[in-house]
Amino acid sequence: MKKVTISLQCPLIRHSQIRMNIIRLLILALVVWLIYRMVSRMLAKPRNGKPSTPELGTNMVRCAHCGIHLPENEAIYRDGQPYCSKEHRDSGPQ
């Protein structure tokens, strides 16, 4: 006579453990990727040499052609007068 053993462990439990491990691995990979992106963006140089926003305390000047105000360090000067663009500098004051 053969002895029959009944296993109380369901095979689905093993599969759910494998699924949980895969989910944990995917979450860990996502966190590592996000940290990598944040660090690489902080260390990256700006795309252009000009800052996108004027620094605090920057003096504002008025374009001699159109009158728009712009940061002094972004102005283009000709004959001591500030201009907002090359085209306005070439056109002269109005």
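Check the entry above for the structure.
I will try to describe carefully the structure that is included in this document. These numbers come from a predicted model, not from an experiment.

### Remarks on the overall build of the protein chain
Inference 1: Helix and strand counts for the protein chain stand at two helices and four strands.
Inference 2: Scanning the protein chain from its N terminus toward the C terminus, one meets helices and strands in the order α-β-β-β-β-α.
Inference 3: Within the protein chain, the proportion of its 94 residues that are buried is 12%.
Inference 4: Contacts in the protein chain between residues at least 24 apart in sequence constitute 12% of all its contacts with a sequence separation of at least 6.
Inference 5: Approximately 8,900 Å² of the protein chain is accessible, and the part contributed by carbon and sulfur atoms is 60%.

### What about the state of the cysteines?
Inference 1: The tally for this structure, following the rule as stated, stands at zero disulfides.
Inference 2: Free cysteine Cys66: the closest other cysteine sulfur is in Cys63, separated by 3.8 Å.

### Let's talk about the nonpolar core
Inference 1: Grouped together as the largest cluster of nonpolar side chains are five residues: Val61, Cys63, Leu70, Ala75 and Tyr83.
Inference 2: Residue contacts for Tyr83: discarding those within four places in its chain leaves Cys63, Ala64, His65, Leu70, Ala75, Ile76, Arg78, His88, Arg89, Gly92 and Pro93.

### Quick notes on the environment of Cys84
Inference 1: Position of Cys84 relative to the elements: it lies in the loop between β4 (81-83) and α2 (86-91).
Inference 2: With a relative accessible area of 28%, Cys84 lands in the partly exposed category.
Inference 3: Sequence spacing of Cys84 and Leu70 is 14 residues, and the spatial spacing of their C-alpha atoms is 7.0 Å.
Inference 4: Sequence-distant contacts of Cys84, defined by excluding residues within four places in its chain, comprise Cys63, Cys66, Ile68 and Leu70.

### Brief notes about the side chain of His65
Inference 1: Relative to the elements of secondary structure, His65 occurs in the loop between β1 (60-62) and β2 (69-71).
Inference 2: If we ignore the near neighbours within four places in the chain, the residues touching His65 are Tyr83, His88, Ser91, Gly92, Pro93 and Gln94.

Thresholds, definitions, all that
- Residues numbered from 1 in each chain as written.
- Predicted model: local features only at pLDDT ≥ 70, side-chain atom pairs only at ≥ 80, totals over all residues.
- Heavy atoms only, no water.
- Helix = DSSP H or I, 4+ residues; strand = E, 2+ residues; numbered from the N terminus.
- Buried < 20%, exposed > 50% of the residue type's maximum accessible area, 1.4 Å probe, protein only.
- Contact = heavy atoms within 4.5 Å.
- Areas by Shrake-Rupley, 256 points an atom, 1.4 Å probe, with all protein chains shown as cover.
- Disulfide = S-S within 2.5 Å.
- Core = buried A, V, L, I, M, F, W, Y, C linked by side-chain atoms within 4.5 Å.

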